[in-house]
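One letter stands for each residue in the lines below.
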Amino acid sequence: MGNGLKAIVAFVPSNKCQKYLLEDLEEMPVDKMVDLSGRQMRRLPVHICSFRELVKLYLSDNNLNHLPPELEQLQNLQILALDFNNFKALPLVVCTLKQLCILYLGNNKLCSLPLELRLLQNLKTLWIESNCLQYLPEVVCELSLLKTLHAGSNALRTLPPQLQCLQELRTIWLSGNLLSEFPPVLLDMPFLEVIDVDRNSIRFFPSLAHLPGLKLVIYDHNPCRNAPKVAKGVRRVGRWSEETPEPRKRSGAVIEITLDEKPLLPPAAKNEPE
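It should be emphasised that the depicted structure is a prediction, and the values quoted were computed from it without experimental measurement. (Residues numbered from 1 in each chain as written. Predicted model: local features only at pLDDT ≥ 70, side-chain atom pairs only at ≥ 80, totals over all residues. Heavy atoms only, no water.)

## With respect to the overall build of the protein chain
Counting secondary structure elements, the protein chain contains two helices and twelve strands. Counting from the amino terminus, the protein chain carries its helices and strands in the arrangement α-α-β-β-β-β-β-β-β-β-β-β-β-β. Taking all 274 residues of the protein chain together, 48% fall into the buried category. Across the protein chain, contacts joining residues at least 24 apart in sequence account for 27% of those joining residues at least 6 apart. As displayed, the protein chain has an accessible area near 13300 Å², and 52% of this comes from carbon and sulfur atoms. (Helix = DSSP H or I, 4+ residues; strand = E, 2+ residues; numbered from the N terminus. Buried < 20%, exposed > 50% of the residue type's maximum accessible area, 1.4 Å probe, protein only. Contact = heavy atoms within 4.5 Å. Areas by Shrake-Rupley, 256 points an atom, 1.4 Å probe, with all protein chains shown as cover.)

## Focus: the packing of aromatic side chains
Scanning the entire structure with this criterion turns up three aromatic pairs. Centroid distance Tyr104 to Trp127: 5.3 Å. Interplanar angle 50°. Geometry classified as tilted. With a gap of 23 residues between them, Tyr104 in strand β4 (residues 102-104) and Trp127 in strand β5 (residues 125-127) connect regions that are remote in the sequence. Plain terms: the ring middles of Phe205 and Tyr219 are 5.4 Å apart, the flat faces sit at 65° to each other, and that makes the pair edge-to-face. One end of the pair, Phe205, is in the loop between β8 (194-196) and β9 (216-218); the other, Tyr219, is in the loop between β9 and β10 (235-237), with 14 residues separating them in the sequence. (Phe/Tyr/Trp six-rings, centres within 6.5 Å; stacked < 30°, edge-to-face > 60°.)

## Some points on the sheet that holds strand β6 (residues 148-150)
The strand order across the open sheet built from ten strands is β1-β2-β3-β4-β5-β6-β7-β8-β9-β10, with neighbouring strands paired in parallel fashion. With partners counted over all chains shown, the strands left at the sheet margins are β1 (33-35) and β10, one partner each. Averaged over all pairs of adjacent strands, the angle between their axes in this sheet comes to 5°, without regard to strand direction. Bridge count for β6 against strand β7 (residues 171-173) is three bridges, and the pairing is parallel. Looking at the pairing, His150 lines up with Trp173 of β7. (Pairing = 2+ DSSP bridges. Axes fitted to C-alpha atoms, helices over the stretch in contact; angles between N-to-C directions.)

## Some remarks on the pattern of salt bridges
The full count for this structure, using the stated rule, is three salt bridges. Here Lys215 makes a salt bridge to Glu193, at a shortest N to O gap of 3.9 Å. You can see Lys215 sitting in the loop between β8 and β9 and its partner Glu193 sitting in the loop between β7 and β8, a full 22 residues away along the chain. On the basis of relative accessibility, which here comes to 52%, the residue Lys215 falls in the exposed class. Given the relative accessible area of 25%, Glu193 is considered partly exposed. The salt bridge involving Arg199 is made with Asp198; its shortest N-O contact spans 3.5 Å. You can call Arg199 partly exposed: its relative accessible area is 46%. (Salt bridge = Lys/Arg side-chain N within 4 Å of Asp/Glu carboxyl O.)

## Focus on the environment of Ser60
Residue position: Ser60 is located in the loop between β2 (56-58) and β3 (79-81). Expressed as a C-alpha distance, the spacing of Ser60 and Ala81, which sit 21 residues apart in the sequence, is 5.7 Å.

## Examining unusual backbone geometry
Its identity as a non-glycine residue notwithstanding, Asp61 has a phi of 60°, on the positive side. By the secondary structure assignment, Asp61 is in the loop between β2 and β3. Not every positive phi belongs to a glycine, and Ser130 is a case in point at roughly 55°. With respect to the secondary-structure elements, Ser130 resides in the loop between β5 and β6. You can call Ser130 partly exposed: its relative accessible area is 23%.

Shown next as structure tokens:
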């Protein structure tokens, strides 16, 4: 199906056009998954909401900016992908899907998240990268089972102290924000395993050696004059990471040590719930 034709069909609300977009998908798929990514849709065909046993719904890379209230019928849904759309606000109906484990909201136009997000107490992975967030919504700190938070490529300048309440959090990606200092709250989260603050404006790194769970810290592309100190066995990605915590001095000159290695990026693949 050509993208041009799909774009034209997506504007027409007739049942025949919806059936064309669904490619004759009339019954619940055996694998309980529907992937409607890249269909140029401006609205979700309501027929999908009748698949009440659906577990995975991928709506990435469309032109969606709202969702039908009938979506609430999908109470078995565990994975919902809404990334690469035109959402300026998260539709509240999403917050009624209490079995969600993974929610993709990246590459939209979100400036905030609704308080109702706290209802998603089974959420383990949240992607909110590449939005318009100037602060991390405090409601995220109420998602008690959250293990992975992708919040890169926003305009975050700090993190709320309430974040330390997320004792299940293991990985936090903050690359490409506006952090001018290492977020103090992360120093009080000994259970963190991966911290990514690549591509920010951090000039000084405190010691991270007291974080017993830490396995990887990515701090490259910051205007820092020191590398974070870490415990033995912790991998660092950034300047001087394979040598000393700070630049070596020889005859009064500062020798900067750089790596050819590229910083690790968040996984591109969309993972299954654990």
